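Here's the letter readout for the chains.
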Amino acid sequence: MSTVTSSETAGGRAARQRRSRAPGHAARMRFVALALTPIMLLFFIFSFLPIGVSIFLSFYRYSPLDMNAPFIGLRNYIFAFTKDPAFQASLENTIKYVLIAVPLNIVLTLPIALALNRIKRLKPFFRAIYFMPAITSLVAVALIWLYLLDPQSGMVNGLLNSLGLPRRAWLGEPETALYALIVVAVWQDMGYNVIVFLAGLQTIPDTFYEAAMVDGANGWQRFRHITLPLLSRTTLFVTVLTTISYMQVFIPMQVMTHGGPLNSTRTIVLHVWDQAFQYLKMGYASALSVVLMLMLLVITLIQFRFLRTNWEY
Amino acid sequence: MAIAATKTRAGRPRAGTMLLYAALSAGALLMATPLLMMLLTSFKTPAEALRMPPVIIPAQPTLDAYRTVLTRAPFFTWFRNSVIVSVSVTALILFTSSLGGYIFAKFSFPGKNLLFTLLLATLMVPFPVILVPIYLIVNKLGMLNSLLALIVPSMVSAFGIFLMRQFVAAIPDDLIDAARLDGASEWTIFWQLIRPQLGPAMATLGIFTFMSSWNDYLWPLVAINDQDKMTLPLALSFFNTAHSTRYDLVMAASVLVILPIIVVFLFFQRHFINAMVLSGVKG
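Residues numbered from 1 in each chain as written. Chains lettered and ligands numbered in written order. Predicted model: local features only at pLDDT ≥ 70, side-chain atom pairs only at ≥ 80, totals over all residues.

1. Thoughts on the overall build of chain A
In terms of regular secondary structure, chain A is built from 14 helices and zero strands. Traced from its N-terminal end to its C-terminal end, chain A shows the element sequence α-α-α-α-α-α-α-α-α-α-α-α-α-α. Scaling as 2.2 N^0.38, a compact globule of 313 residues should have a C-alpha radius of gyration of about 20 Å, whereas chain A reaches 27 Å, well beyond that. The principal-axis extents of the C-alpha atoms in chain A amount to approximately 85 × 75 × 35 Å. Each of the 313 residues in chain A was classed as buried or not, and the buried ones make up 38%. Contacts in chain A between residues at least 24 apart in sequence constitute 69% of all its contacts with a sequence separation of at least 6. (Helix = DSSP H or I, 4+ residues; strand = E, 2+ residues; numbered from the N terminus. Rg over C-alpha atoms; globule rule 2.2 N^0.38 Å. Buried ≥ 20, exposed ≤ 12 C-beta atoms within 10 Å, placed from the backbone. Contact = placed C-beta atoms within 7 Å.)

Shown next as C-alpha cells:
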C-alpha cells in the first residue's frame, strides 16, 4: 500500500516536472514576473518598508526640522512611559474606551440582530436604518453630535431640560467627555455588528430550534443553549474586530474635543498624530506607534488562540 | 422559526411580535434622530439653529445654508477631488487584487508561499502604525499635497488579493488549460476568461473599497494642505473650523457630504451588506 502511494507521488512529481519544462512554462513565468513585480513593489514601498522604518525611527530622536538625528536607543520608549503624562493618559483613555464601548456595542447589537432575525416584514427597512450611520463619514457624524451635544442649543440638553434635569457641557467636562464620545462611536458603527450577527444567526439551522421545541424548551432556553453557543465564534470575531478598530479611535477626538478637556479624551492615535504632525517629533511618534502595534499584535494572537480552541465544537 | 412557535400558542403570539416591532421601531427612531436633526437643521436660519431651547422643525425652511456652502466654499472642487480619488483607488485595487489573486491561486513559482504570508502579515498592521513612515516616503516621492498622495499608496490591498484568491480558486484549472491549448496568451486568459467570472466578488470589494476611500480622513489630514486639494471629509472638518458657530452651514455641508453615499447605499443595499459581512473576514 505504502509503496503504491509513494510511487504515485513520485509519478506525480515527475509529471509536474515534465509539465514545468513543457512549452508555455517560460511564458507563464514571464507573466507572473511581469504582473507581480509592480504589485509587490507597491507593497514593499507602502507596507513592508514603512513597518521597518517605524521600528527603526523609534530608536532615533528624529524631526524633519532638525538635520541632526541621533541614535538614542530605547530612550523614546522610556520617555513615553515615565515622562509623558499625556501619553499615559492616552493609554488609559484608550483602554477605558475599549473596555466600555466594546461590551456596550455587543450588548446592544446582539439583541437587535436577534429581533431582526425574527421579524418577517420590514426587515430590509429596519436593517437599512440601523446601518445608515455606519456608512456616513465619521467626520460628519462627529459634527452632528457636536451640534446635538451643544451646551446651549443642543437637543440632548434641550431634552434633559424639558424633563427637569440639569444641563451639562457634556464635551467640556473631563468627567463626561469620554463617555459622550463612546455614545457617538457606538451609535455610529452598531450597524456593522448587527449585520455580522445577522449573518451568523442565519447559519444556525431551523431544525435545531424545532427539535428543542419538541423537547419543550422555552424561548430563553433556546437562546441560552442553541443560539448563544452556536454564535460564540461570531461573537468572538465581532469582539476582536471591534476591539482592534476601537483601539485606533481618532476621528471623534480630533474633530470634537482635540483630546481635551485636560487630556480626558486623548487617545493613542491622537497622541501619535499630535506628536508627529503638530510637534514634528517623528522619532518619538514612531516609538508610540510601535507600542500600539505591539498591543494590537497581542490582541490578534489572543484571538487566534481562542479561535483554535473553539474550533473543536 | 421562533415566530412559528409562538403562533401555535394562542393569544401570546401577536403580542410578542408586536412588542418586537415596537422595540425595533423605538431603536430605529433613536438611530435616525441624529441624521434627521442634521437634515432639519440644514434648513434652519442661523438664528434658529442656535436658539435655546432647540427648535426641532424649522418654522420657515430655507435653502440659504446650502446656497452659502455651495457659493462661498469650493464645494464642487472638493466633491470632484473625492470622486477622482475614490474612483481611481477602487478601479486600481480591483485590477491589482484580481490579478494578484489569480496569480496566487493558479500559478506556482519560487517564493510564492513566502510572498503570500508576507501579504497576510500586513493585514495585522493597521494604518495609524505606519502613518509617519508613509508620510516620509510620500514626501520623498514628491507627492505630498497632491491627489496622487491619496491614490498611489492605496493602489494595492492585501485584503483584496486575499479575497480574490478565494474566488479565483473556485474556477476550474481545466478551463484555463483549455484556453492555453487554444493558444490564448496569459494576459488574454486573465482579462477575458478570469476577470468576467469575478463579478460578485468585484462588486463586493469595489463597494467596500469605495466606501473606505470616500470616508478616509486620517491620511488626507496628514498628506494634504491646500484647500483645493482636499477630499470631502477633510474639507468638512476644515469647513467646520472656519464656521463652527454656524450650525446651519455645518449641517448643510454634512448633508452634502453624506448624501451621495447614502443614495448609493439605498440602491445597492444588498451589495453593501455582503461587503460588510465579507470585510469582517479582513481582521
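Picking up after the structure, the text goes on.
2. Here's the deal with the interface of chain A and chain B
Between chain A and chain B, the contact holds 80 residues from the first and 76 residues from the second. With 21 residues, helix α2 (residues 25-57) of chain A is the single largest residue contributor to the side of chain A that touches chain B. Tallied by class, residues from the side of chain A that touches chain B come to 60 nonpolar, 15 polar and five charged. (Nonpolar A, V, L, I, M, F, W, Y, C, P; charged D, E, K, R; others polar.)

3. A word on the packing of helix α5 (residues 123-135) of chain A against helix α8 (residues 177-201) of chain A
Residues and elements named next belong to chain A. The geometry of α5 relative to α8 is characterised by a closest axis approach of 6 Å and an angle of 120° between their N-to-C directions. What the angle tells us is that α5 and α8 run oblique. Seen from above, α5 lies across α8 with left-handed handedness. Residues Tyr-130, Phe-131, Met-132, Pro-133 and Ala-134 of α5 form the contact with α8, whose participating residues are Trp-187, Gln-188, Asp-189, Met-190, Gly-191, Tyr-192, Val-194 and Ile-195. Residue composition of the contact of α5 with α8, by class: ten nonpolar, two polar and one charged. (Axes fitted to C-alpha atoms, helices over the stretch in contact; angles between N-to-C directions. Parallel < 35°, antiparallel > 145°, perpendicular 65-115°, else oblique. Left-handed = near helix turned anticlockwise from the far one by under 90°.)

4. Comments concerning the domain arrangement of chain B
Residues and elements named next belong to chain B. For chain B, the assigned domains read domain 1 (2-64) and domain 2 (68-282). Here the C-alpha centroids of domain 1 and domain 2 sit 34 Å apart. Of all elements in the fold, only α2 (12-41) and α3 (46-50) reach the threshold of two or more residues within the side of domain 1 that touches domain 2. When grouped by side-chain class, the residues that make up the side of domain 1 that touches domain 2 number five nonpolar, three polar and two charged. (Domains from an automatic or database assignment.)

5. Some details on the nonpolar core
In globular proteins that are soluble, nonpolar side chains generally tend to be buried together. All names here are of chain A. Counting residues in hydrophobic clusters, the biggest one holds 157 residues, and the most contacted among them are Ala-142, Leu-143 and Leu-288. Among the elements that line this core, the one with the most residues is α8, at 16 residues. Here Leu-288 is in contact with Ala-80, Phe-87, Ile-268, His-271, Val-272 and Gln-275, once residues within four sequence places are set aside. (Core = buried A, V, L, I, M, F, W, Y, C linked by C-beta atoms within 7 Å.)

6. Re the environment of A:Tyr284
Position of A:Tyr284 relative to the elements: it lies in helix α14 (residues 282-310). The spacing of A:Tyr284 and A:Leu57 is 227 residues in sequence and 8.0 Å in space, taken between C-alpha atoms.

7. Here's the deal with the confidence of the model for chain B
Residue and element names in this part refer to chain B. Looking at chain B as a whole, its pLDDT mean stands at 89, while 94% of the residues score no less than 70. Low confidence marks residues 1-11, where pLDDT is under 50. Its contacts with residues over four positions away, or in another chain, come to 14 contacts. Two numbers describe this predicted complex: its pTM, 0.88, and its ipTM, 0.88. (pLDDT = per-residue confidence, 0-100.)

8. Some words on the domain arrangement of chain A
Per the domain assignment, the segments of chain A are domain 1 (2-57) and domain 2 (83-310). Computed over C-alpha atoms only, the centres of domain 1 of chain A and domain 2 of chain A are separated by 41 Å.

9. A word on the confidence of the model for chain A
All names here are of chain A. Summarising the model, chain A shows a mean pLDDT of 87, and 90% of its residues fall at 70 or more. Mean pLDDT across the elements of chain A bottoms out in helix α1 (residues 2-21) (48) and peaks in helix α13 (residues 268-278) (96). When the criterion is pLDDT under 50, residues 1-8 qualifies, and its contacts beyond four places in sequence or with other chains add up to zero contacts.

10. So, the environment of B:Pro200
All names here are of chain B. By secondary structure assignment, the location of Pro-200 is in helix α12 (residues 199-215). The class for Pro-200 is exposed, based on 11 C-beta atoms found within 10 Å. When the C-alpha positions of Pro-200 and Leu-144 are compared, they lie 35 Å apart, and in sequence the two are 56 residues distant.

11. Let's talk about helix α14 (residues 232-242) of chain B
For α14(B), the buried fraction is high: eight of the eleven residues fall into the buried class. Every buried residue of α14(B) is accounted for by B:Leu232, B:Pro233, B:Leu234, B:Ala235, B:Leu236, B:Ser237, B:Phe239 and B:Asn240. Packing partners of the buried residues in α14(B) comprise α6 (138-148) and α12 (251-257) of chain A together with α5 (75-106), α12, α13 (218-223) and α15 (247-267) of chain B.

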